[in-house]
Amino acid sequence: MNKIERRGTNMHLFYKQTLQLLDTELDRIHIALDRLSHEQIWKKGRESTNSIGNLCLHLAGNEYQNVVSAIGSKPFVRERSAEFLAMGSYTSAQLRERLFDVRAQSRQVIEKLTEEDFHREVTIAYPPGAGIASYQKTIMELLYHTTSHYSYHTGQIVYMTRILQEGDEHLLRWKH
């Protein structure tokens, strides 16, 4: 398997690509947040849907839980339901800071992983009464899941931004 030299350590290509994909999606969210007002960030299409602000909080919570807590063995400090109940309680700058802070913590965890860690199982813990049972995955499965989950919600954020923003500027380099 391919390895990439980074900061004096051998980082496996899978881990490097995981970070690159996550960083690309974070850049897209950053662009989206810059184009919207506070009200637009927290606007819901319907009461039963999520705002861009909710999705940002959810992405930070999910990444922290999966990478920093489950893989990195840091304390579990997520209140998942609060991510979806928040209504305008964070500014664009605070959302961005939260996302970037979690990414910095994730980067520290991922950069320390080795090829031998691929198949190591970790527990994704949920507190009793959360409505979601704790489960186990290998680190490779969990990073793949976290990356695809992040991309899915980033796509929602980009699409919602295109609808809400003033004008018809494209967020990405593609015109469609």
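Note that the coordinates shown come from a computational prediction; the quantities given were computed from them, not determined experimentally.

Quick word on the overall build of the protein
Thought 1: When helices and strands are counted, the protein shows six helices and four strands.
Thought 2: Going through the 176 residues of the protein one by one, you find that 42% of them count as buried.
Thought 3: Sequence-distant contacts, at least 24 apart, represent 68% of the contacts inside the protein between residues at least 6 apart.
Thought 4: Split by element, the accessible area of the protein, about 9,900 Å² in all, is 52% carbon and sulfur.

Considerations on helix H1 (residues 13-34)
Thought 1: For H1, with 22 residues, the first-to-last C-alpha span of 31 Å sits near the 32 Å given by 1.5 Å per residue.
Thought 2: Within H1 the residues assigned to the buried category are Phe14, Tyr15, Thr18, Leu19, Leu22, Glu25, Leu26, Ile29, Ala32 and Leu33. Projection of H1 onto a plane perpendicular to its axis shows the buried side chains occupying an angular sector of 140°, all on one side.

Description of the pattern of salt bridges
Thought 1: With the rule as written, the count across this model stands at six salt bridges.
Thought 2: Close ionic contact of Arg107 with Asp23 constitutes a salt bridge, the shortest N to O distance being 2.3 Å. Residue Arg107 is found in helix H5 (residues 92-110), and its partner Asp23 is found in helix H1; the two are separated by 84 residues along the sequence.
Thought 3: With a shortest N-O distance of 2.9 Å, Arg103 and Glu63 are connected by a salt bridge. Here the residue Arg103 occupies a position in helix H5, and Glu63 occupies one in helix H3 (residues 52-71), the gap between them amounting to 40 residues.
Thought 4: Salt bridges sharing common partners tie together Asp23, Glu63, Arg103 and Arg107.

Quick look at the environment of Leu22
Thought 1: Structurally, Leu22 can be placed in helix H1.
Thought 2: Sequence-distant contacts of Leu22, that is, excluding residues within four places in its chain, are made with Arg103, Thr146, Thr147 and Tyr150.

As for the confidence of the model for the protein
Thought 1: In the predicted model, the protein carries a mean pLDDT of 89, and 89% of its residues have values of at least 70.
Thought 2: Looking at the elements of the protein, mean pLDDT is at its lowest for strand S1 (residues 3-6), recorded as 42, and at its highest for H5, recorded as 97.
Thought 3: A low-confidence stretch, residues 1-8 (pLDDT under 50), is modelled with 21 contacts involving residues beyond four sequence positions or located in other chains.

Overview of unusual backbone geometry
Thought 1: We note that Ser73 has phi near 60°; this positive angle belongs to a residue other than glycine.
Thought 2: Here Ser73 shows up in the loop between H3 and helix H4 (80-85).
Thought 3: The exposed category is assigned to Ser73, whose relative accessible area is 62%.

Rules used in this analysis
- Here the residue numbers are simple positions, counted from 1 along each chain's written sequence.
- Whole-chain, interface and lining totals are the exception, using all residues; otherwise, since this is a predicted model, local features are given only for residues with pLDDT of at least 70 and side-chain atom pairs are given and counted only at 80 or more.
- The side-chain figures draw on all heavy atoms in the structure; neither hydrogens nor water molecules are used.
- Helix numbering and strand numbering both begin at the N terminus, where a helix is a DSSP run of H or I of at least 4 residues and a strand a DSSP run of E of at least 2.
- Exposure categories follow from relative accessible area, calculated using a 1.4 Å probe and restricted to protein chains: below 20% of the type maximum is buried, above 50% is exposed, and the middle band is partly exposed.
- Whether two residues are in contact is decided by their heavy atoms, any of which lying within 4.5 Å being enough.
- Accessible areas in this description were obtained via Shrake-Rupley with a 1.4 Å probe; residue shielding takes into account the shown protein chains only.
- To estimate the expected span of a helix, count its residues, drop one, and scale the result by 1.5 Å.
- What the arc describes is the spread of directions from the helix axis to the C-beta atoms.
- By salt bridge we mean one thing: a side-chain nitrogen of Lys or Arg within 4 Å of a carboxyl oxygen of Asp or Glu.
- Confidence of the predictor in every single residue is expressed as pLDDT, which spans 0 to 100.

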